[in-house]
Amino acid sequence: MTDATLPQGIKVLNLISQEKPDPRGFAQNLISNWGAIQVIGRGVIDQATFEAAVKEVVNPFAEEKEELRWFYPDGWKPTTVEGQLAILQEVYVDLALNGSHVEGYAAGITVPEAADGLFVVPKPSSIAAKLGITVDPLVEGYGQLLEGSLLDRLEKQRKFKNYRAGQLTPDRVRMRQSAADEIRKLEAEQPEGDFLVFPAQTGMKWGGYSPQNARWDIEHKSENEFPLPAWCVGHILLTNPGRLEAYEILWIDCPGDEYRFEGEVGFGRCLYVRFVGGRLEFCSRWLRHAYDSCGSASGFSG
């Protein structure tokens, strides 16, 4: 941007992002007729800078959306924080996790309207340390953390099928940077004990969106929201089995994960959880596909 101030540029881009019903088409029309928008106030925005900025305010995946057909179970509400803690301490009785801080942290958290409620999730750093995982549990150690702890315990709790068993290797799965940053931030803000407490929603807010569509809006437009990884979603299902225990109930995408099949170049898939044939199933799917039966889970930070 030359001469024009940054606030001027932001103002223009905000106006574009609010243009209904098609901000992307509106922006493309401006690019095609570049002379009409070169001068912004006292200065000039060059076309290359403008096009790069448009990518930051106009969701390129906005059309990847279906009308939602499946929802939460009738009357479903999350288990209380105390109830979740009791379940997790029983599930992790072999690791003797410290939850003395959980109720105190929960009392100080305001739950956003978009959240289903408060959830309790073991700290990845705590579990990794107790399991002897010496690499970063949110990056190269993430698959080991999932398979060595969460997925094994889900299988012991209920009828469960892990379709990615043995495939969660460091070169094929990782927690997305935005999710990992928020998990690390939460661990720093809640230094006591072995659990995190935070608000989250398990798919309704982003129901019908493709995972990459939901992820883009979460990362670019939603305030204090982050895409949930399977580590969080799986523990929410451990403590809230009633959330997903029938076929025609909203399945849960995990946009906070990045996954690929062997031989694929980019991370074009995410992990997700569904209920089929009387059992919970852990799978992966394309980021670009929007289904009327799925919704992306997200967490909220302070």
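The structure presented is a predicted model; accordingly, all values stated were derived computationally and were not measured.

Chemist: Would you explain the overall build of the protein chain in this entry?
Modeler: Summing up its helical and strand segments, the protein chain has ten helices and eleven strands in all. Nonlocal contacts in the protein chain, meaning residues at least 24 apart in sequence, comprise 76% of its contacts between residues at least 6 apart. Accessible surface, the protein chain: about 13,700 Å² in total, of which carbon and sulfur atoms supply 51%.

Chemist: For this particular structure, what's the right way to read the packing of aromatic side chains?
Modeler: The way to describe two aromatic rings as a pair is by their centre distance and the angle between their planes. The full count for this structure, using the stated rule, is eight aromatic pairs. Here the aromatic rings of tyrosine 72 and tryptophan 76 are separated by 5.4 Å at their centres, their planes lie at 80°, and the arrangement is edge-to-face. Judged by relative accessible area, which is 15%, tyrosine 72 ranks as buried. Its relative accessible area of 16% is what places tryptophan 76 among the buried residues. Measuring from ring centre to ring centre gives 5.9 Å for tyrosine 259 and phenylalanine 261, while their planes differ by 90°; the resulting arrangement is edge-to-face. For phenylalanine 261, a relative accessible area of 27% translates into the label partly exposed.

Chemist: So what exactly am I meant to see when it comes to the nonpolar core here?
Modeler: If you look at soluble globular proteins, the nonpolar side chains tend to sit buried side by side. Of all hydrophobic cores here, the largest spans 65 residues; its most connected members are Leu146, Phe198, Leu228 and Trp231. Here the element with the most residues in this core is helix 10 (residues 230–239); it accounts for seven residues. Once you skip the residues sitting within four places of it in the chain, leucine 146 turns out to touch Leu151, Leu168, Ala230, Trp231 and Leu271.

Chemist: Would you mind showing me how to read the pattern of salt bridges here?
Modeler: Once their charged atoms are close, side chains differing in charge can pair, the charge on each being opposite to the other. Applying the stated criterion across every chain yields a total of twelve salt bridges. With a closest N to O distance of 2.5 Å, aspartate 136 and arginine 184 form a salt bridge. Of this pair, aspartate 136 sits in the loop between helix 6 (124–131) and helix 7 (142–157) while arginine 184 sits in helix 8 (residues 177–189); the two residues are 48 residues apart in sequence, bridging distant segments of the chain. Taking relative accessible area as the criterion, aspartate 136 reaches 26% and is therefore assigned partly exposed. Glutamate 281 is the partner of arginine 279 in a salt bridge, and the nearest nitrogen-oxygen pair spans 2.7 Å. Among the residues examined, glutamate 281 registers a relative accessible area of 2% and is labelled buried. Ionic contacts of the salt-bridge type, sharing partners, join the residues Arg174, Arg176, Glu219 and Glu258 into one network.

Chemist: Please clarify how the state of the cysteines should be interpreted in this entry.
Modeler: Working definition: the covalent bond between the sulfur atoms of two cysteines is a disulfide. Using the criterion set out here, one finds zero disulfides in the structure. Left unpaired, cysteine 283 is separated from the closest cysteine sulfur, that of cysteine 294, by 9.7 Å. Residue classification places cysteine 283 among the buried positions, given a relative accessible area of 4%. Cysteine 294 takes part in no disulfide bond, and the closest cysteine sulfur, belonging to cysteine 270, lies 8.6 Å away.

Chemist: What exactly am I supposed to notice about the environment of phenylalanine 275 here?
Modeler: Looking at the secondary structure, you find phenylalanine 275 in strand 9 (residues 269–276). Judged by relative accessible area, which is 10%, phenylalanine 275 ranks as buried. Spatially, the C-alpha atoms of phenylalanine 275 and tryptophan 251 are 7.2 Å apart, while their sequence positions differ by 24 residues. Residue contacts for phenylalanine 275: discarding those within four places in its chain leaves Arg158, Leu244, Glu245, Ala246, Tyr247, Trp251 and Leu280.

The rules behind each value
Residues numbered from 1 in each chain as written. Predicted model: local features only at pLDDT ≥ 70, side-chain atom pairs only at ≥ 80, totals over all residues. Heavy atoms only, no water. Helix = DSSP H or I, 4+ residues; strand = E, 2+ residues; numbered from the N terminus. Contact = heavy atoms within 4.5 Å. Areas by Shrake-Rupley, 256 points an atom, 1.4 Å probe, with all protein chains shown as cover. Phe/Tyr/Trp six-rings, centres within 6.5 Å; stacked < 30°, edge-to-face > 60°. Buried < 20%, exposed > 50% of the residue type's maximum accessible area, 1.4 Å probe, protein only. Core = buried A, V, L, I, M, F, W, Y, C linked by side-chain atoms within 4.5 Å. Salt bridge = Lys/Arg side-chain N within 4 Å of Asp/Glu carboxyl O. Disulfide = S-S within 2.5 Å.

Function cannot be inferred from these measures alone, as they are strictly geometric.
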